[in-house]
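# Structural description and commentary
Listed here are the chains, written in short residue letters.
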Protein chains: 2
Amino acid sequence: MGFELTIFEGLSAFPVTPADCEGVVDCDHFGRLIDHLSRDGIASIGVLGSTGGYMYLTTDERSRAIAIAVEAAGTTPVLAGIGALRTNDVIANARNAKMAGAQGLLLAPVSYLPLTNADVDSLVQDVADATDLPICFYNNPGTTKFNLSEDHLVRLANAGTISAVKNPPAPEGDFTGQINRLRAAVPSDFCLGYSGDASISEALAAGADAWYSVLAGTLPNIAVELWNARADTTKLSAMNARLAPLWRLFDAHGSIRVIHEIVDMVGLGDVKLPPPLLPLNTAVRSDIENALSAMEIKKSMAA
Amino acid sequence: MGFELTIFEGLSAFPVTPADCEGVVDCDHFGRLIDHLSRDGIASIGVLGSTGGYMYLTTDERSRAIAIAVEAAGTTPVLAGIGALRTNDVIANARNAKMAGAQGLLLAPVSYLPLTNADVDSLVQDVADATDLPICFYNNPGTTKFNLSEDHLVRLANAGTISAVKNPPAPEGDFTGQINRLRAAVPSDFCLGYSGDASISEALAAGADAWYSVLAGTLPNIAVELWNARADTTKLSAMNARLAPLWRLFDAHGSIRVIHEIVDMVGLGDVKLPPPLLPLNTAVRSDIENALSAMEIKKSMAA
């Protein structure tokens, strides 16, 4: 890494996007959630990620959401998810994101028909040609069905079309191996970031440049504490152990579904997933409440 | 099955949808493709299936496409794909399809965030409540990430919310086992259909009620010939052997990508997949041309 922080470095907070059942964003509510995230330790706010339900919002609603976020974020830079099924829509999202004031783009290779490597190359090239904002490749096989190989990532990084990657947990938990292999092969200012809060302490211990965090999007203080402990093995491990009940719920029910419940539980308001995605059932909600209590997370911690 | 054909019974032809790179449907071209399919042996035309790229078209373009198809299809009934990520959009598509004259709906549990069984139940129920057109559950795990179990299918069939299923090839090719298990558990007028042209002769030999066919959407005569041979093992087997070169290409590159090339090769015009989906490369195109020659499929066969 160079001496200056790149836009994709550090702890990035991924909030939910409040919207009604037709997909119209609640601007006031979203602005309050963003304002809540603009604080020391949060390097960027990643709006319209998977947690922010980008694929469930129209191009126009996405533009509106980014503009609200940029205003509410103040000096904290905003990254915006631009993925869509059609290249022309991705490009429109990229241009709108720039106009709305986003400083970086998150590009997931979203698909209905699974994409080939060549399809993804053409997508990345076409988007890079259409924008001067830096692009982070949003590698999320569980939602996109596309699994970016390390070789492919290296190729894209060296082509200069992408500046960063948001990777899922390393295969078999070998973050050190993956980071070492990639570092040796990508440009020195390329940013290696991870998502997957439940295993993030391992990624941080292995030297990841960024944490794309669901937790930080709702409970920023706790995420900042974990991020700041990254160089101190004992502290990192203690923080991780404290959060274990939450990680177990993320693993069992998906972080996105769990965090939507937590937003409400910690007093940040009722934010529903778009139908047909159902809220978690009463038993799981009760497990989440117990986990929050065990971790001594209360309404006041979100405020 | 009852004595009357249900709308989902028989050979259903799934055409491609010609559209420009912004996703605007070419009405004249689409009308000609549909007109070409309206003939003896084709029980229905399935527009806006995976082959027809429904997920890459807006609600408005889909409505337009269905209206064109219904007009061009004459007396052949039109089935329409209505899948979308949001329930409200699926319901809008269902209502538009009815207004445009479709006689049956194809409902795929499309997802970005993978759906749970409960999500899918709520989707099916909400759509069934919003329309009086019969619904075929479009079971296509490769594109939707949702794998409908046999138990779940039986539950939906007996709830009366769906009238048919379009299944992918049976696990391990055991069509007879799957059809027997399902027949014993679903209402007698529930229609068990299959897609996956490459293994359809096995499904037909096992007594499937319907073939949702990519081949029939472009080369209807050949598909009708195969369908009509279904009760004659020797003939079915000979037809299937003749088509083997095509099935191999479908398996290797995906039927949707291959059929888009064939549409052009047999003189039905240039129809591109939506970017970022690339056309197949020159080597594969050449393999397809050779396969068509080997099968004695020429431009005149499509006409």
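Residues numbered from 1 in each chain as written. Chains lettered and ligands numbered in written order. Predicted model: local features only at pLDDT ≥ 70, side-chain atom pairs only at ≥ 80, totals over all residues.

### What about the overall build of chain A?
Put simply, the test is: Secondary structure elements are taken from DSSP: a helix is a run of H or I of four residues or more, a strand is a run of E of two residues or more, and numbering for both begins at the N terminus. All radius of gyration figures rest on C-alpha atoms, and the globule criterion is 2.2 Å times the number of residues raised to 0.38. To sort residues by exposure, count the other C-beta atoms lying within 10 Å of each residue's C-beta; 20 or more gives buried, 12 or fewer gives exposed, and values between give partly exposed, all with C-beta atoms placed from the backbone.
From N to C terminus, chain A includes 14 helices and 8 strands. A compact globule built from 303 residues should have a C-alpha radius of gyration of about 19 Å, and chain A, at 18 Å, falls within 12% of that. Structurally, chain A occupies a C-alpha span of about 50 × 45 × 35 Å along its principal axes. A total of 303 residues make up chain A; the buried ones form 52% of that total.

### A word on helix α13 (residues 282-294) of chain A
As a reminder, the rule being used: In this analysis, the expected span of each helix is defined as 1.5 Å times one less than the number of residues it contains.
Helix length check: α13 of chain A, at 13 residues, gives a terminal C-alpha distance of 18 Å against a target of 18 Å (1.5 Å per residue), a fit within 8%. Two residues or fewer past α13 of chain A, Glu296 of chain A is found with a positive phi of approximately 55 degrees.

### Thoughts on the sheet that holds strand β6 (residues 164-167) of chain A
Residues and elements named next belong to chain A. Quick reminder of the rule: In this description, strands pair whenever DSSP reports at least two bridges between them. Here an angle of 0 to 180 degrees is reported between the N-to-C directions of two axes, which are lines fitted to C-alpha atoms, with helices fitted over the stretch in contact.
Overall, parallel pairing links the 8 strands, which are arranged β1-β2-β3-β4-β5-β6-β7-β8 in a closed barrel. Along the sheet, successive strands turn relative to each other by an average axial angle of 25 degrees, direction set aside. Both strand β5 (residues 135-138) and β6 contribute to a ladder of 3 bridges, which runs parallel. Its bridge partner lying in β6, Cys136 is registered against Ala164.

### Quick notes on the sheet that holds strand β2 (residues 44-47) of chain B
Reading around the circumference, β1-β2-β3-β4-β5-β6-β7-β8 (chain B) is the order of the 8 strands in this closed barrel, with parallel pairing throughout. Within this sheet the neighbouring strands show an average axis-to-axis angle of 25 degrees, counted without direction.

### Quick notes on the relation of the copies chain A and chain B
Both copies of the chain are tied together by a single rotation about an axis and a shift running along it. Threshold: Least-squares superposition of the copies uses the C-alpha atoms of those residues scoring a pLDDT of at least 70 in each of them. Here, residues touch in the contact sense if the C-beta positions derived from the backbone fall within 7 Å of one another.
Superposition of chain A onto chain B requires a rotation of 180 degrees combined with a translation of 0.0 Å along the rotation axis, giving an RMSD of 0.0 Å. Taken together, these values place the two copies in the relation of a two-fold axis. Taking C-alpha positions as the reference, the residue of chain A nearest the rotation axis is Lys145 of chain A, at 4.1 Å. Looking at chain A, 100% of its interface residues are interface residues in chain B too, so the copies touch through the same face.

### Observations regarding the environment of Glu296 of chain B
Relative to the elements of secondary structure, Glu296 of chain B occurs in the loop between α12 (282-294) and α13 (299-302). Owing to 9 C-beta atoms within 10 Å, Glu296 of chain B belongs among the exposed residues under this scheme.

### Some words on helix α6 (residues 150-159) of chain B
Residues and elements named next belong to chain B. Under the convention used in this document: Comment: arc refers to directions from the helix axis out to C-beta atoms.
Of the positions making up α6, those classed as buried are Leu153, Leu156 and Ala157. For α6, the buried positions fall inside an angular range of 100 degrees around the axis, keeping them on one side. Residues of α6 that are exposed and point more than 90 degrees away from the buried face comprise Asp151 and Ala159. Buried residues along α6 sit in contact with α4 (117-130), β5 (135-138), β6 (164-167) and α7 (175-183). Phi turns positive, to about 80 degrees, at Gly160, one or two residues after α6.

### Observations concerning the confidence of the model for chain A
How we decide: Values of pLDDT, ranging from 0 to 100, describe the predictor's confidence in every residue of the model.
When pLDDT is averaged along chain A, the result is 95, and 96% of the positions lie at 70 or above. Predicted complex metrics record ipTM = 0.96 and pTM = 0.96.

### Focus: the interface of chain A and chain B
As a reminder of what qualifies: Three categories are distinguished: nonpolar for Ala, Val, Leu, Ile, Met, Phe, Trp, Tyr, Cys and Pro, charged for Asp, Glu, Lys and Arg, and polar for the others, with Gly belonging to the last.
In this assembly, 27 residues from chain A lie in contact with 27 residues from chain B. Put simply, the parts of the chain that give the side of chain A that touches chain B at least two residues each are α3 (87-100), α4 (117-130) and α5 (141-144) of chain A. For the side of chain A that touches chain B, the element with the highest residue contribution is α4 of chain A, accounting for 4 residues. In terms of residue class, the side of chain A that touches chain B is made up of 16 nonpolar, 7 polar and 4 charged.

### Re the pairing of strand β7 (residues 191-194) of chain A
Residues and elements named next belong to chain A. Condition: A crossover counts as right-handed when, viewed with the strands pointing away from the observer, the path leading from the first strand over the helix to the second turns clockwise.
Of the two faces of β7, the one holding Cys191 and Gly193 and the one holding Leu192 and Tyr194 are both buried throughout. In terms of strand pairing, β6 meets β7 through 4 bridges, oriented parallel. By the bridge assignment for β7, Lys166 is matched with Gly193. Crossover connection from β6 via helix α7 (residues 175-183) to parallel β7: handedness right-handed. In this sheet, strand β8 (residues 210-213) lies alongside β7 in parallel orientation, the contact comprising 2 bridges.

### Here we look at the environment of Pro77 of chain B
Residue and element names in this part refer to chain B. With respect to the secondary-structure elements, Pro77 resides in the loop between α2 (59-73) and β3 (78-81). The class for Pro77 is buried, based on 20 C-beta atoms found within 10 Å. Expressed as a C-alpha distance, the spacing of Pro77 and Leu57, which sit 20 residues apart in the sequence, is 22 Å. With residues up to four places along the chain from it excluded, the contact list for Pro77 reads Ile7, Ser44, Gln103 and Gly104.

### Let's talk about the packing of helix α1 (residues 27-37) of chain A against helix α2 (residues 59-73) of chain A
Residues and elements named next belong to chain A. Keep this limit in mind: For this classification, under 35 degrees means roughly parallel, over 145 means roughly antiparallel, 65 to 115 means roughly perpendicular, and everything else is oblique. Note: crossing handedness is left-handed where the near helix turns anticlockwise from the far helix by less than a right angle, and right-handed where it turns clockwise.
Across the interface, α1 lies against α2 with an axial gap of 8 Å and an inter-helix angle of 40 degrees. The orientation of α1 with respect to α2, classified from their angle, is oblique. The two elements α1 and α2 cross, and the hand of that crossing is right-handed. Here Cys27, Phe30, Gly31, Ile34 and Asp35 of α1 lie close against α2, whose contacting residues are Arg64, Ala65, Ile68, Ala69, Ala72 and Ala73.

### Description of unusual backbone geometry
Most peptide bonds take the trans form, and the phi angle of most residues other than glycine is negative. Residue Pro276 of chain A follows Pro275 of chain A across a cis peptide bond; omega there is 15 degrees. Among the structural elements, Pro276 of chain A can be located in the loop between α12 (255-265) and α13. The backbone of Glu172 of chain B shows a phi angle near 55 degrees, a positive value even though the residue is not glycine. As for its placement among the helices and strands, Glu172 of chain B is situated in the loop between β6 and α7.

### Describing the environment of Leu107 of chain A
As for its position among the elements, Leu107 of chain A is in strand β4 (residues 104-107). Expressed as a C-alpha distance, the spacing of Leu107 of chain A and Ile82 of chain A, which sit 25 residues apart in the sequence, is 5.7 Å.

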